[in-house]
Amino acid sequence: LFSSLIVFFEINWVFSSFYRKDKNDLVNLLEKVLSLSFVDFAERQILESSVALFAKESLELEDCFNLFYSISFEATQIATFDKKLLRLAKNMREN
C-alpha cells in the first residue's frame, strides 16, 4: 500500500484543525501512522525526522519537513520568513 505526502499532511491537518488535537496527541498519532510498516510513505525517513523535530520545537510540521527535505538535497540555504526556522537551519547545517 502506497501513500503520498499529501495524505500524511492531510492527516495532520484533520486531527489538528477538525478534531483539535494538541501537539502531543498529534505527534503520537503521526508516529503511529509512520509505524505502519505495510504503508509505503514517500520520503518516510524525512517524515520521521520531521515529526521528531516537530515534537521538540515550536515549528509547524510542514516547516520541519521542508527543512529536512532541503537538507536531503544538500541545499545551502532555505527561504522562509520564520526566523526560528532560519536559525535552526543554520545550526543544523553547521553541525
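Being a predicted model, the structure only gives us computed values, none of them experimental.

1. Re the packing of aromatic side chains
Under the definition given, this model contains seven aromatic pairs. Ring geometry for Phe-8 and Phe-41: centres 5.6 Å apart, planes at 80°, overall edge-to-face. Of the two residues, Phe-8 is situated in helix α1 (residues 5-18) and Phe-41 in strand β2 (residues 40-41); the sequence distance between them amounts to 33 residues. For the pair Phe-8 and Phe-41, one class covers both residues: buried. Ring pairs connect the aromatic residues Phe-8, Phe-9, Phe-41, Phe-65, Tyr-69 and Phe-73, which therefore count as one cluster.

2. Digging into unusual backbone geometry
Residue Glu-43 is not a glycine yet carries a positive backbone phi of 60°. With respect to the helices, strands and loops of the structure, Glu-43 is situated in the loop between β2 and α3 (44-56). Notably, Glu-74 is not glycine yet its phi reads approximately 55°, a positive angle. Within the secondary structure, Glu-74 sits in the loop between α4 (61-72) and α5 (83-94).

Rules behind the numbers
- Residues numbered from 1 in each chain as written.
- Predicted model: local features only at pLDDT ≥ 70, side-chain atom pairs only at ≥ 80, totals over all residues.
- Heavy atoms only, no water.
- Phe/Tyr/Trp six-rings, centres within 6.5 Å; stacked < 30°, edge-to-face > 60°.
- Helix = DSSP H or I, 4+ residues; strand = E, 2+ residues; numbered from the N terminus.
- Buried < 20%, exposed > 50% of the residue type's maximum accessible area, 1.4 Å probe, protein only.

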